[in-house]
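Results of the structural survey
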Amino acid sequence: MPSAMEGPEVGEDADVSRYEETEDNNVSPTDLSELLKEGTKESHDRAENTQFVKDFLKGRIRKELFKLATVALHFTYSALEEEMDRNKDNPVFAPLYFPVELHRREALAKDLKYFYGEDWKEKIQCSEATQQYVDRIHHVGQHEPELLVAHAYTRYMGDLSGGQVLKKVAQRALKLPSTEEGIQFYVFENVSNAQQFKQLYRARMNALDLDKNTKERIVEEANRAFRFNMQVFDELDKIGRSLPEEAQDGGFPVHDGKGDIRKCPYYADKLGAAGPGCPFHAAVGLARQPLVQLVLAACVAVAAGAAAWYIL
Ligand code: HEM
């Protein structure tokens, strides 16, 4: 792996304990790792306190929503890792390129295959909020690569921290198999010690050759990344509200037929395979027609009459 720092090759040997940099705990307030930690504290608090995250932590997560969250992660990490691959030789990012230890694309593909089947790619769609996040990541990777560290930091450092709590919660709440199918995203099998790895990551961030202004822009961009995540959470929370309790195991939601049909997760789900045919929008839409309502009422009356005649 091309690295701007001296040290062992990254990506070939997964044992992070080999990195001597991990022992360096002397940080100064002007180090990027400290600026990021301090500068995103409020954003972190806000993210932890979004309704979606609070519900998730309490184990109030339904399978259909968890699946959609996994879809959002898939599009996000595909963009992030595409841009990190593009910048793997760029000195503003190269020391933070850890494909073997960190990259989540393949883990997410396994999770989506588990949830949606072999043809998962045709069954998923990028949501509005996720698309905005994805667009920003591509912009940064292609036009302001010195800010890419902000996006990598916000996701991977979080995944190696709070993400481990979420893994256990999801496994229990969704009754997922102990073999960790469906939650591969949370399993960093090539990071044997997350705490140590985070220390290494911080040391690598601090060794980047950056001026004060660029460091400030990186912190600003990390806060922006937090905001994108919160927008995705809020969008998921909204979708979650339209899912009834019964939809725990892949059931269909009851929908009132109002609003933008394209925002129905089942509509999105069906787009690839069967075209725009959410059965609930179709049925609810039909049932709202006055003539259909009249015919339905007549059918109910006839059925009730027949039942009464049969019983009596
Ligand atoms: C379920 C809610 C969450 C919990 C319980 C949680 C928990 C934690 C904990 C305990 C740490 C400190 C780890 C350490 O110092 O080694 C941490 C760090 C971090 N978390 Fe979260 N977190 C949550 C949500 C999030 C979200 C939604 C994001 C961003 C999308 C995020 C991003 C981060 C980052 C970037 C760090 C590294 C801070 C640093 O050391 O610079 N977290 N989290």
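Everything below is about the structure shown above.
Residues numbered from 1 in each chain as written. Predicted model: local features only at pLDDT ≥ 70, side-chain atom pairs only at ≥ 80, totals over all residues. Heavy atoms only, no water.

Remarks on the overall build of the chain
Check the secondary structure of the chain and you find 15 helices and zero strands. For the chain, the share of sequence-separated contacts (at least 6 apart) that also reach a separation of at least 24 residues comes to 78%. When the accessible surface of the chain is split by element, carbon and sulfur atoms take 53% of a total near 16,500 Å². (Helix = DSSP H or I, 4+ residues; strand = E, 2+ residues; numbered from the N terminus. Contact = heavy atoms within 4.5 Å. Areas by Shrake-Rupley, 256 points an atom, 1.4 Å probe, with all protein chains shown as cover.)

Concerning the site of the ligand
Inspection of the region around the ligand gives 20 residues, with His 44, Tyr 153, Gln 195, Lys 198 and Arg 202 positioned closest. In the environment of the ligand, a nitrogen atom lies 2.9 Å from a nitrogen or oxygen atom belonging to the side chain of His 44. Between the ligand and the protein, one listed contact pairs an oxygen atom with a side-chain N or O atom of Lys 198 at 2.7 Å. Those elements that place two or more of their residues in the shell around the ligand are α2 (41–48), α3 (51–57), α9 (148–159), α11 (194–206) and α12 (212–241). Sorting elements by how many residues they give to the shell around the ligand places α9 first, with five residues. Split into classes, the residues belonging to the shell around the ligand amount to eight nonpolar, seven polar and five charged. (Near = heavy atom within 4 Å. Polar contact = N/O pair within 3.5 Å; in protein donor to acceptor, adjacent residues only side chain to side chain. Nonpolar A, V, L, I, M, F, W, Y, C, P; charged D, E, K, R; others polar.)

Describing the coordination of the iron atom of the ligand
Only one protein atom coordinates the iron atom of the ligand: His 44 (NE2), located 2.1 Å from the metal. Relative to the assigned elements, His 44 resides in helix α2. (Donors = N, O, S within 2.8 Å, 3.2 Å for Na, K, Ca; no water.)

Regarding helix α10 (residues 163–173)
Those residues of α10 that fall on the buried side of the exposure criterion are Gly 163, Lys 167, Val 169, Ala 170 and Gln 171. In the stretch just after α10, Lys 175 is the one whose phi turns positive, near 50°. (Buried < 20%, exposed > 50% of the residue type's maximum accessible area, 1.4 Å probe, protein only.)

As for the packing of helix α4 (residues 63–86) against helix α8 (residues 128–143)
Running from N to C, α4 and α8 point in directions that differ by 5°, and their axes come no closer than 9 Å. Between α4 and α8, the crossing angle belongs to the class labelled roughly parallel. Of α8, the residues touching α4 (which contributes Ala 72, Phe 75, Thr 76, Ala 79, Leu 80, Glu 82, Glu 83 and Arg 86) are Thr 130, Tyr 133, Val 134, Ile 137, His 138, Gly 141 and Gln 142. Of the residues in the contact of α4 with α8, the class split is seven nonpolar, five polar and three charged. (Axes fitted to C-alpha atoms, helices over the stretch in contact; angles between N-to-C directions. Parallel < 35°, antiparallel > 145°, perpendicular 65-115°, else oblique.)

What to know about the environment of Gly 59
Here Gly 59 shows up in the loop between α3 and α4. The class of Gly 59 is partly exposed, set by a relative accessible area of 27%. For the pair Gly 59 and Arg 172, spaced 113 residues apart in the sequence, the C-alpha separation amounts to 7.7 Å. The contact partners of Gly 59, leaving out residues within four places of it in the chain, are Val 169 and Ala 173.

Describing the pattern of salt bridges
Going through the model one piece at a time under the given rule, you end up with 18 salt bridges. Residue Arg 86 pairs with Glu 83 through a salt bridge whose shortest N-O separation is 2.6 Å. Highlighted residues: Arg 86 and Glu 83, both in helix α4, separated by three residues, approximately one helical turn. A relative accessible area of 0% means that Glu 83 is categorised as buried. Ionic pairing is found between Lys 212 and Glu 216, a salt bridge with its closest N-O pair at 3.3 Å. Placement of both Lys 212 and Glu 216 in helix α12 is noted, with a separation of four residues, approximately one turn of the helix. Here the salt bridges do not stand alone but share partners, grouping Arg 136, Glu 144, Glu 146, Arg 217 and Glu 221 into one network. (Salt bridge = Lys/Arg side-chain N within 4 Å of Asp/Glu carboxyl O.)

Focus: the nonpolar core
Ranked by internal contacts, the top residues of the largest apolar core, which has 66 residues, are Phe 52, Phe 66 and Tyr 201. Considering each element in turn, this core owes the most residues, 10 residues, to α4. The contacts of Phe 52, once residues within four sequence positions are left out, are Ile 61, Leu 65, Ala 69, Phe 233, Leu 236 and Asp 237. (Core = buried A, V, L, I, M, F, W, Y, C linked by side-chain atoms within 4.5 Å.)

Some details on the side chain of Arg 62
Within the secondary structure, Arg 62 sits in the loop between α3 and α4. When its relative accessible area of 16% is taken as the criterion, Arg 62 is described as buried. A distance of 3.3 Å separates the side chain of Arg 62 from the backbone oxygen of Gly 240, its partner in a polar contact.

With respect to the side chain of Asp 159
Along the chain, Asp 159 turns up in helix α9. Assessed through its relative accessible area of 4%, Asp 159 is described here as buried. Of note is the side chain of Asp 159, whose polar atom sits 2.4 Å from the side chain of Tyr 77.

These results come straight from atomic positions and should not be treated as a statement about function.
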